[in-house]
Amino acid sequence: MRLVTAIIKPFKLDEVKQALEAFGITGMTVSEASGYGRQRGHSEVYRGAEYTVDFVPKVRVEVVVDDVDAPDVVSVILKAAQTGRIGDGKIWTVPVEDVARVRTGEHGLDAL
Amino acid sequence: MVSFMEINSGDTAWVLVSAALVLLMTPGVALFYGGMVRAKSVLNMMMMSFGAMATISVAWVLWGYSEAFGQSWHGLVGNPFQHFGLSDLLSAKSVVGTIPTMAFVAFQAVFAIITVALISGAIADRAKYSTWLVFTVVWATIVYFPVAHWVFAFDGYAADKGGWIANSLKTIDFAGGTAVHINAGAAGLVLALILGKRIGFAKDPMRPHNMTLVMLGAALLWFGWFGFNAGSALGANNTAAVTWVNTMAATGAACIGWLATERIRNGHGTSLGAASGIVAGLVAITPACSAVTPVGAVAIGLLAGVLCALAVGLKFRFGFDDSLDVVGVHLVGGLVGTIAIGFFASASAPAAVDGLFYGGGVDQLWRQVVGAGAVLLYSFVVTGVIGLALHKTLGFRIDRDGEVAGIDLDQHAETSYDLGSLGGGGFSHAGAALFGSHSTASASSAATSTKQGASS
């Protein structure tokens, strides 16, 4: 199994969620995140004083999938989250040793 | 008091309603200031305003009213013992103008409260709360009550003899450009200098944590200010109506002036700019609302909006941390409004004086400049003495760790927003310590874990 983590623009969350559902993914974990990459932050002006805000609001989407599905899931998210402009985000995957479903005690692929 | 005038029920109703409107301005200041500070300081910011409501309410009924409106000692200060406790003013025969003396007491009380509250914006995030409360009473007693006497106590109104600015110098200050705004602005400047800069001033971002609170505060201030200005007519009459319209017109113009300045300088008109422009306009028209035409009010508003928008940058140039721009908005706005009367006053307005632009020469102008300068100088010097004395004895600034962690936690043991559910910790209530509990050991361990939960 692999954990796919995507950092995306907040307003792209609905499209990514729908695309993942259409692909057949049955669950995901979403959290609010802040950060910057090459885009850096933006500036805000309060009473003439300019502040640079480095950490831009982002959304983190996490999905655990079967090894064979991982490349497809990455490309599904990639397609749905892309605007082509700077600040679109990042996607990465890491191997997952085990997953357990709390309710039933099932392990591995059965727990997904 | 003075003669057996009839109480007018319309006048009385308007003054009592105005007093309530002006009292609402102080929570308005709390919201306006509270939204502008960081999330770790919002409760303390609001508590400084609410604290002033508490302390000045008591000081006012004990000696404050008497000190401001009792029989004058050489035009400088009223006799604080004449009406001490107000018990001699409760009779239905106790009348000033056309309203019961106690209605006048109520209306003037809320002016004292908001003037003190305004100062707090200059020392956001770092003032020791107990010292602030002591300061509110000492400052009101030595600075505000006498200055209110100078400016607001007219001969033959609440006492035979009133203050020197109102009666001898004859500066026009209808609702408190000098006594309230220049006074609070100068005091804020001194306190900001005495307490010093916040850790990270002009380096770390100190963005307003909640702009919607700021907008709500500005709205309440604008609303309450109709009581502040139109209520100062002390009657439901033509002067009240004229000042009401001028208050609206100047405020709108100042909002436009601030937004235009920002658009040209920074590329965007901001909501904080709109809120600040509104307050700057209200400040500037406060002394002038009885003396100018609505067109004059628009001119004063525009002037205040532009000049105050430029003035808020001074603290970065000169390196003083007037955190929420009490100087840039209230001192500068108060000076603009008070001095502008010398130029824009029109004899067609209720004050019936012509300024320089209306053919009145410089007679009123110098009276305005001297009146404004006198209050500025007195407030600056005496606040400096009070501030330094409190700073050296009680200490006026919290320690470094408390300021970094946040003054809400340090001074009040509270957190403004509990947005997460991961608090942890335990529970103990004050009664456990006061009345003893079944298990002392478990009570004390619960108290410890509550503390840990709060600081994590």
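Residues numbered from 1 in each chain as written. Chains lettered and ligands numbered in written order. Predicted model: local features only at pLDDT ≥ 70, side-chain atom pairs only at ≥ 80, totals over all residues.

## Some thoughts on the domain arrangement of chain B
Taken as a whole, chain B is organised into domain 1 (9–401) and domain 2 (428–456). The gap between the C-alpha centroids of domain 1 of chain B and domain 2 of chain B is 44 Å. (Domains from an automatic or database assignment.)

## Looking at the environment of B:A304
Residues and elements named next belong to chain B. Within the fold, A304 resides in helix α10 (residues 294–311). The class of A304 is buried, set by 34 C-beta atoms lying within 10 Å. For the pair A304 and L314, spaced 10 residues apart in the sequence, the C-alpha separation amounts to 15 Å. Residue contacts for A304: discarding those within four places in its chain leaves A254, A280, G281, V283, A284, G333, V336 and G337. (Helix = DSSP H or I, 4+ residues; strand = E, 2+ residues; numbered from the N terminus. Buried ≥ 20, exposed ≤ 12 C-beta atoms within 10 Å, placed from the backbone. Contact = placed C-beta atoms within 7 Å.)

## Some remarks on the nonpolar core
Buried together is how nonpolar side chains tend to be arranged in soluble globular proteins. One finds B:A288 and B:I300 to be the most contacted residues of the largest nonpolar core, which totals 151 residues. A per-element tally of this core places helix α3 (residues 101–119) of chain B first, with 15 residues. Setting aside residues up to four positions removed in sequence, B:I300 forms contacts with B:A250, B:A284, B:I285, B:A288, B:V292, B:G337, B:A340 and B:F344. In terms of nonpolar packing, the next biggest core, distinct from the first, is built from 13 residues, A:V4, A:I8, A:V16 and A:V61 among them. (Core = buried A, V, L, I, M, F, W, Y, C linked by C-beta atoms within 7 Å.)

## As for helix α2 (residues 42–69) of chain B
Note that an α-helix has 3.6 residues per turn; residues three or four places apart therefore point the same way. All names here are of chain B. In this model α2 runs just 35 Å from its N-terminal to its C-terminal C-alpha over 28 residues, more than 12% under the 40 Å that 1.5 Å per residue would give. At W60, α2 shows its strongest bend, of approximately 70 degrees. For α2, the tally of buried residues reaches 20 of 28 residues, placing the bulk of the element in the interior. (Expected span 1.5 Å × (residues − 1). Bend = angle between axes of the 7 residues up to and from the residue.)

## Examining the sheet that holds strand β2 (residues 29–35) of chain A
Residues and elements named next belong to chain A. Spatially, 4 strands are ordered β2-β5-β1-β6 in an open sheet, and the strand pairing comes out antiparallel. The two strands at the open ends of the sheet, each matched to only one other strand, are β2 and β6 (89–95). Within the sheet, the average angular offset between the axes of one strand and its neighbour, ignoring direction, is 20 degrees. Relative to β6, strand β1 (residues 2–8) runs antiparallel, the two being bridged by 7 bridges. Pairing of R2 across the sheet is with P95, part of β6. Set on the sheet, helix α1 (residues 13–23) makes contact with β1, β2 and β5 (56–65); between it and β5 the angle comes to about 10 degrees. Packing of helix α2 (residues 70–81) onto the sheet brings it into contact with β1, β5 and β6, and relative to β1 it is tilted by some 10 degrees. (Pairing = 2+ DSSP bridges. Axes fitted to C-alpha atoms, helices over the stretch in contact; angles between N-to-C directions.)

## Notes on the interface of chain A and chain B
Between chain A and chain B, the residue contacts involve 8 residues of the former and 13 residues of the latter. Those elements that place two or more of their residues in the side of chain A that touches chain B are β3 (42–46) and β4 (49–53) of chain A. Its residues placed into classes, the side of chain A that touches chain B shows 5 nonpolar, 1 polar and 2 charged. (Nonpolar A, V, L, I, M, F, W, Y, C, P; charged D, E, K, R; others polar.)

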